[in-house]
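Letter by letter, the chains look like this.
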Amino acid sequence: MAIATNFPSINPTLLLDFANSGRVDPRVTFTRASSATYFDQTGVLRTAATNVPRLDYNPSTLAAQGLLIEESRTNLLLQSADFTTTWTQTNVTITANTTTSPDGGTNGDTLLINAAGATTSQTSQAFAAGSTITVSVFAKKNASNFVRFEVGGLVNCWFDLNTGVTGTNGAGSGNVLFSAKSIQAINNGWYRCVLTVTTSTITTLSVSIFATNADNTTSSINSSVFLWGAQAEVGAFPTSYIPTTTTAVTRAADVASVNTLSPWYNAAAGTLYAEAVGVVPTNVSFVAQFNDSTANNFIDGARYQTTLRVLVNSGGVNQATLIPGTAAGAVNKTALAYAANDIAMSVNGAAALTDTSATIPSVTRLMLGDDGSGTPRYLNGYLRRVTYYPRRLSNAELQSITT
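Caption draft 1: Quick peek at the pairing of strand 17 (residues 176–185). Two strands pair when backbone bridges link them, and strand 16 (residues 172–173) and strand 17 are joined in this way by 2 bridges, in the antiparallel orientation. Considered in strand 17, the bridge of S173 is made with V176. With antiparallel pairing between neighbouring strands as the criterion, strand 16 and strand 17 make up a hairpin whose turn holds 2 residues, including G174 at a positive phi of roughly 55°. Two strands pair when backbone bridges link them, and strand 17 and strand 18 (residues 190–199) are joined in this way by 9 bridges, in the antiparallel orientation. Directly across from S182, in strand 18, lies its bridge partner V194. Linking two consecutive strands that pair antiparallel, namely strand 17 and strand 18, is a turn of 4 residues; a positive phi of about 55° is found at N188 within it.

This is how it looks when you write it as structure tokens:
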């Protein structure tokens, strides 16, 4: 049996192995002022109670993804899982609770077309003018292979529920413009279909769902799909499903930190390793950061700010900025080593970037997936592993442990 050689000779004094251990270390303080959903190890959508962290799994492959950290979002569509109620029916038959839904219950509804062009639709709850809105629904093929969204009456997008790929989309016009689309395999033939649009002066948005027999075609009689879990949220990407009934529902942000650094932290020199998946490369979002509860003193483990980078500040003065140029969207392994006038960072096995002029700040806590500033800078992704070594690892070791 081969012995792994990519670990340093010193043992870590902090090891938070969220993806592999299936647990959250008791040194981690976690809060979230609401319940929230996640996928368990069998691929079933579950609900975590208030202040309970979510160790999420890929619902298709069942691979562990780590600790889910998300910003606060609100589902602006009512009766998200019951299309027989608030949803307006036009030449369709909605039959409730006809198939097993992603939450493991028999909650999936059947949408059956009775006449060409028929749809089920709803106008969202109000949002601020000029918002970016992401609409999603869980859908599964029945007699038809395609589901189509029409958002704001201006942007159409098709999704192939047989092959799991996105189809044709329109560009939109005026108040509603196409921005992005995606489809995610869930389990048992279900997919989460996602469409993002940008708006200008409007403050509500109509959402229509069609069953179709082919890409870029209108509905035909007897075409049908299964539906469950519709969502419309302000933001440029989808977040975890937020169930609603008669009112819009807000999921609070996930906040995680290690608030006691003694006895494992070395103020003079150390190395912070982080393995994470972040989903928004254009926003500032944090993977891990030591700080003193201010923006004046901090040591970044990593942040996404257009691309992945680290910064070190002491007394409000920048000491080091290292930018390896790696974008979000995949698993990134980062290691930041610090000592006086000796900062280095390696990402995904690349040669270390260095800075030889830096004062090390005094810090009091380790923030996980956010910087704790009160400004929404959440990872919106998965923390897989965070490890701390109480010495400045060599550049070769940094490169080795991130390979």
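Caption draft 2: Quick look at the sheet that holds strand 22 (residues 255–258). What the 7 strands build is an open sheet, ordered 2-22-31-24-25-26-27; its pairing is antiparallel. The sheet terminates laterally at strand 2 (28–31) and strand 27 (317–322), the two strands that pair on one side only. Across this sheet, the average inter-strand angle for adjacent strands is 20°, counted without regard to direction. Pairing between strand 25 (residues 298–305) and strand 26 (residues 307–314): 5 bridges, direction antiparallel. In the sheet register, Q305 faces strand 26, and the bridge partner there is T307.

Caption draft 3: Quick look at the pattern of salt bridges. Across all of its chains, the model carries 15 salt bridges by this definition. The closest approach of N and O atoms between D25 and R27, which form a salt bridge, is 3.1 Å. Taking the relative accessible area as the measure of exposure, D25 reaches 11% and is therefore buried. Overlapping salt bridges bring together R32, R54, E70, R251 and D254 as one network.

Caption draft 4: Fine view of the layout of surface pockets. Taken as a whole, the largest pocket encloses approximately 880 Å³ of empty space. Contributions of two or more residues to the lining of the largest pocket are made by strand 3 (36–39), strand 5 (55–57), strand 6 (64–69), strand 17, strand 18 and strand 32 (381–389). The element best represented in the lining of the largest pocket is strand 17, accounting for 6 residues. Looking at the lining of the largest pocket residue by residue, the class counts come to 21 nonpolar, 13 polar and 5 charged. Taken as a whole, the second largest pocket spans an internal volume of roughly 180 Å³. Sorting the residues of the lining of the second largest pocket by element identifies strand 24 (285–291) and strand 25 as the ones contributing at least two each. Ranked by residue count, the leading element in the lining of the second largest pocket is strand 24, at 3 residues. Grouping the amino acids of the lining of the second largest pocket by side-chain chemistry returns 4 nonpolar, 6 polar and 4 charged.

Basis of the calculations
- All residue numbers refer to positions counted from 1 along the written sequence of the respective chain.
- Whole-chain, interface and lining totals are the exception, using all residues; otherwise, since this is a predicted model, local features are given only for residues with pLDDT of at least 70 and side-chain atom pairs are given and counted only at 80 or more.
- Here the side-chain values reflect all heavy atoms present in the structure, with hydrogen atoms and water set aside.
- Two strands make a pair as long as DSSP finds a minimum of two bridges between them.
- Counting from the N terminus, the helices are DSSP H or I runs at least four residues long and the strands are E runs at least two residues long.
- Simply put, an axis is a line fit to the C-alpha atoms, just over the touching stretch for a helix, and the angle between two N-to-C directions goes from 0 to 180 degrees.
- Note on definitions: salt bridges are taken to be side-chain nitrogens of Lys or Arg within 4 Å of carboxyl oxygens of Asp or Glu.
- Working definition: with a 1.4 Å probe on protein chains only, accessible area under 20% of the residue-type maximum means buried, over 50% means exposed, and in between means partly exposed.
- Cavities and pockets were defined on a 1 Å grid built from protein atoms only: a cavity is a group of points that admits a 1.4 Å probe but offers it no way out, a pocket is an open group of points flanked by protein on both sides within 12 Å along at least five of seven lines, and a lining residue is one with an atom within 4 Å of any such point.
- Grid points are joined across faces, edges and corners, and a volume is the space filled by probe spheres set on the points.
- Only Asp, Glu, Lys and Arg are considered charged in this grouping, and only Ala, Val, Leu, Ile, Met, Phe, Trp, Tyr, Cys and Pro are considered nonpolar; every other residue, Gly among them, is considered polar.

These figures capture arrangement, not role.
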